[in-house]
Amino acid sequence: MEILKEKFQKLSGRQFIYLLIVVIVVLAAAAAARLGGEDSSEAAPVMSCVTIEDDPRTVMVLNYHKIANEHKSLSVTLPDFEQHMKWLQEYGYTSITPEELYAFVVGGAALPEKPVLITFDDGYKDNYTNAYPIMKKYGFKGTIFVVTGFLGVYDNYLTWDQARELSDNGFSIESHTHSHKSMTEASDEEISRELTRSREKIKEKLGLEADFIAYPTGTYNLHIADLVRQAGYKGAFTIKYDNVSRESNVYALERVPVFHTEKTNKDFLERIQYLPLVYKYGWVKN
Ligand SMILES: [Zn+2]
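Residues numbered from 1 in each chain as written. Predicted model: local features only at pLDDT ≥ 70, side-chain atom pairs only at ≥ 80, totals over all residues.

**Focus on the overall build of the chain**
So, point 1. On a plain count of helices and strands, the chain comes out with 9 helices and 11 strands.
So, point 2. Taken over 286 residues, the chain has a buried fraction of 36%.
So, point 3. Of the contacts formed within the chain by residues at least 6 apart in sequence, a portion of 66% connects residues at least 24 apart. (Helix = DSSP H or I, 4+ residues; strand = E, 2+ residues; numbered from the N terminus. Buried ≥ 20, exposed ≤ 12 C-beta atoms within 10 Å, placed from the backbone. Contact = placed C-beta atoms within 7 Å.)

Here it is, written out as structure tokens:
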């Protein structure tokens, strides 16, 4: 304690001011990050006292899996999902496609004022039966990264007809590989085969070019990213929690995962607010 006291007294006036600024910034940020509300009741997060700070340099990419009334972390319930879409609509968000995001990152293209890319991994049937009607109601389109070897094979996955209908209505159908094997556990040959087969399957079944992929289980490294590039994909999505900016690696695009938790909606609000604060306070992205 004595040593600390001594050290503190040795601080020059200028050092002390710096220290004070740091403490204030940290406290302000901590307070702001809690804006989502202390209220623990899930039913009524208070929307009117929430302000989402926008940063036109970044784009939020949401990542869902299942939309179903189940108690699983991968399953966001229908009422929760509807609440998220309602918020996004009320905050004035416009959903974009992976192609539009790519043009923004790589080509410097402009995006609508509040862009959001709403993605789903795996290609579950409930994306069609549950998420799609809700998104239609709020005027949003989504992107589904499908495991091409599961579609039309397993009951809880989309059929190719459902995928086609989604695609005909503005959804993007992209690749999540052919069999969902973690790429960090596969050989180069296996990875290349997975990448090529899933593209070919989407082409064969839907007549579409899949230009984007989401890494199965989110795992990747720079070598794998290069294999993805070599296979002809324009970009790849990870589960690295951040917003996308023009500094992002187009083969390692960041996303904001949305899971079912004890307080899904409070978490959702906190997550969509936290990232803009990172930029607002000038914290460096790693
Ligand atoms: Zn997956």
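So much for the structure itself; the text now carries on.
**Here we look at helix 8 (residues 222-230)**
So, point 1. Residues of helix 8 that are buried include every one of Ile224, Ala225 and Val228, and no others. Axial view of helix 8: buried residues confined to an arc of 105 degrees, hence all on one face. Pointing more than 90 degrees away from the buried face of helix 8 are the exposed residues Leu222, His223, Asp226 and Gln230.
So, point 2. Against helix 7 (188-206), strand 8 (212-214) and strand 9 (235-241) lie the buried residues of helix 8.
So, point 3. Of the residues trailing helix 8, Gly232 is marked for its positive phi of about 100 degrees. (Arc of directions from axis to C-beta.)

**Re helix 5 (residues 126-138)**
Along an α-helix, residues three or four apart share an orientation, since each turn contains 3.6 residues.
So, point 1. Over its 13 residues, helix 5 extends 17 Å from the first C-alpha to the last, a length consistent with the 18 Å expected when each residue adds 1.5 Å.
So, point 2. The sharpest bend along helix 5 measures roughly 40 degrees and falls at Tyr132, with the proline Pro133 sitting one to four residues further on.
So, point 3. Three or more residues of helix 5 are buried, namely Asp126, Asn127, Tyr128, Asn130, Ala131, Tyr132 and Met135.
So, point 4. Buried residues belonging to helix 5 abut strand 2 (66-67), helix 3 (78-90), strand 5 (115-122), strand 6 (143-146) and helix 6 (160-168). (Expected span 1.5 Å × (residues − 1). Bend = angle between axes of the 7 residues up to and from the residue.)

**Considerations on the pairing of strand 11 (residues 253-257)**
So, point 1. Of all 5 residues in strand 11, 4 are buried, a share of seventy percent or more.
So, point 2. Sheet topology places strand 1 (residues 58-64) next to strand 11; 2 bridges connect them, and they run parallel. Each residue of the ladder has a partner; that of Asn63, found in strand 11, is Pro257.
So, point 3. Pairing of strand 9 with strand 11, which is carried by 2 bridges, proceeds in the parallel orientation. Across the sheet, residue Phe237 finds its bridge partner in strand 11, namely Leu253. (Pairing = 2+ DSSP bridges.)

**Examining the nonpolar core**
So, point 1. Within the largest apolar cluster, 59 residues are counted, with the highest numbers of intra-cluster contacts made by Val61, Leu62, Val146, Ile213, Val228 and Ala236.
So, point 2. Counting residues per element, this core draws most heavily on strand 1, at 5 residues.
So, point 3. Those residues in contact with Leu62 that sit more than four places away from it in its chain are Val116, Ile118, Thr119, Val256 and Val258. (Core = buried A, V, L, I, M, F, W, Y, C linked by C-beta atoms within 7 Å.)

**Here we look at the pairing of strand 5**
So, point 1. Taking burial as the measure, the 8 residues of strand 5 include 8 buried ones, the bulk of the element.
So, point 2. Sheet analysis places strand 1 next to strand 5, joined by 5 bridges and oriented parallel. Looking at the pairing, Tyr64 lines up with Phe120 of strand 5.
So, point 3. With 2 bridges connecting them, strand 4 (residues 94-95) and strand 5 associate as parallel partners. Bridged to Thr94 within strand 5 is Pro115.

**Some points on the confidence of the model for the chain**
So, point 1. On average, residues of the chain carry a pLDDT of 83, and 76% of them reach 70 or more.
So, point 2. Within the model, the stretch residues 282-286 combines pLDDT values under 50 with 3 contacts to residues more than four positions away or in other chains. (pLDDT = per-residue confidence, 0-100.)

**Description of unusual backbone geometry**
So, point 1. You will see that Asp122, though not glycine, has its phi angle at about 95 degrees, which is positive.
So, point 2. Among the secondary structure elements, Asp122 is positioned in strand 5.
So, point 3. Judged by C-beta crowding, with 22 C-beta atoms within 10 Å, Asp122 ranks as buried.
So, point 4. Located in the positive-phi region is His180, a residue other than glycine, with phi close to 65 degrees.
So, point 5. As for its position among the elements, His180 is in the loop between strand 7 (172-175) and helix 7.

**Details of the packing of helix 3 against helix 5**
So, point 1. Between helix 3 and helix 5, whose axes approach to 10 Å, the crossing angle comes to 25 degrees. Judged on the interaxial angle alone, helix 5 and helix 3 are roughly parallel. Both helix 3 and helix 5 take part in a crossing whose hand is right-handed. Side by side, helix 3 and helix 5 meet where Leu78, Phe81, Glu82, Met85, Lys86 and Gln89 of the first sit next to Asn130, Ala131, Ile134, Met135 and Tyr138 of the second.
So, point 2. Here the residues of the contact of helix 3 with helix 5 sort into 7 nonpolar, 2 polar and 2 charged. (Axes fitted to C-alpha atoms, helices over the stretch in contact; angles between N-to-C directions. Parallel < 35°, antiparallel > 145°, perpendicular 65-115°, else oblique. Left-handed = near helix turned anticlockwise from the far one by under 90°. Nonpolar A, V, L, I, M, F, W, Y, C, P; charged D, E, K, R; others polar.)

**Side note on the environment of Arg199**
So, point 1. Locating Arg199 in the fold gives a position in helix 7.
So, point 2. Expressed as a C-alpha distance, the spacing of Arg199 and His178, which sit 21 residues apart in the sequence, is 8.6 Å.
So, point 3. Leave out the neighbours within four places in its chain, and Arg199 touches Ser175 and Ala210.

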